[in-house]
Amino acid sequence: MKNKILGALERILWGMAGAVIILIFYQKDWELWLKIVLAVLCFIGILLYSLLINLLGKDKIEDYSNVAAARKDTVPKPMESENARIVREKDDQQAPKGNNEQQKETASRTKRRIQSIVLINEEGTALTEWSLVGKSAMVIGKGTEKEAVDIDLSGSAFAQMISKQHAVLNYTENGWCIDDIDSKNGTRVKKINRNAILDLKLVGTVELGVGDIIYIANTMLQLR
């Protein structure tokens, strides 16, 4: 509201200045140089006065902003109840620490919990399941009468896109991992804790965890 008033006052002053300058030049008895000097002085006076009004208005606005900020900083924070404090401290104690060794151990335990690999459809429904318990290596592909594979996907909807020996699962000291066996349509892995999909032809061996999804061409296998 205050800025609108100052703006209106400034426009009125400039209008008055224009009227005064016009009146000066309508005087027939005055010399031309005198008219020019008076018009310039009038213009400078109004300009200085307008700048002064703007500066004063700006300073007041900044003062009000500083006061509001100071009041905001001094608003007292709500006190934490004793029960809330006990719950918070308990949660902090149970929260996982940022220790690299502990994180590695947790990841290793997660990988060793893998029990099976499951063929799923787009809705996540299990179609076929293969146990990984006691196994050290599993070849994934499209088996034939002459050459069998451990995880046979010849009956899947996208069997024509799967190589005879497409990928291999290996069990290491870090858990299960997967490698592509120079397949035609590639092998990819969607980690459960990442948004990106890893292409094995680009990144090489990928370590696996419970919930990860392996894409054999367009066929989906989930670790469980």
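The structure this text deals with has already been given above.
Residues numbered from 1 in each chain as written. Predicted model: local features only at pLDDT ≥ 70, side-chain atom pairs only at ≥ 80, totals over all residues. Heavy atoms only, no water.

Residues of strand E7 (residues 187–190) alternate between two faces, with Thr187 and Val189 buried on one and Arg188 and Lys190 left unburied on the opposite face. The pairing of E7 with strand E10 (residues 213–216) spans four bridges and is classified as antiparallel. Note that in E10 the partner of Val189 across the bridge is Ile214. Here E7 pairs with strand E8 (residues 197–199) via three bridges, running antiparallel. (Buried < 20%, exposed > 50% of the residue type's maximum accessible area, 1.4 Å probe, protein only. Helix = DSSP H or I, 4+ residues; strand = E, 2+ residues; numbered from the N terminus. Pairing = 2+ DSSP bridges.)

The next subject is the nonpolar core. The biggest cluster of nonpolar side chains holds 24 residues, and the ones touching the most others in it are Ile117, Leu169, Ile178, Ile214 and Leu221. The contact partners of Ile117, leaving out residues within four places of it in the chain, are Thr128, Glu129, Trp130, Leu132, Ile140, Ile151, Leu169, Ile214, Leu221, Gln222 and Leu223. (Core = buried A, V, L, I, M, F, W, Y, C linked by side-chain atoms within 4.5 Å. Contact = heavy atoms within 4.5 Å.)

What follows covers the pairing of strand E3 (residues 137–141). As judged from the five bridges shared by E3 and strand E5 (residues 165–172), these two strands associate in the antiparallel manner. Following the sheet pairing, Val139 is matched in E5 by Val168. Pairing of E3 with strand E4 (residues 151–152), which is carried by two bridges, proceeds in the parallel orientation. Note on E4: the bridge partner recorded for Gly141 is Asp152.

The next thing to look at is unusual backbone geometry. Even without a glycine there, the phi angle at Asp182 is positive, about 50°. Secondary-structure assignment places Asp182 in the loop between strand E6 (175–180) and E7. Taking relative accessible area as the criterion, Asp182 reaches 69% and is therefore assigned exposed. For Ala217, which is not a glycine, the phi torsion comes out positive at approximately 60°. Considering the arrangement of structural elements, one finds Ala217 in the loop between E10 and strand E11 (219–223).

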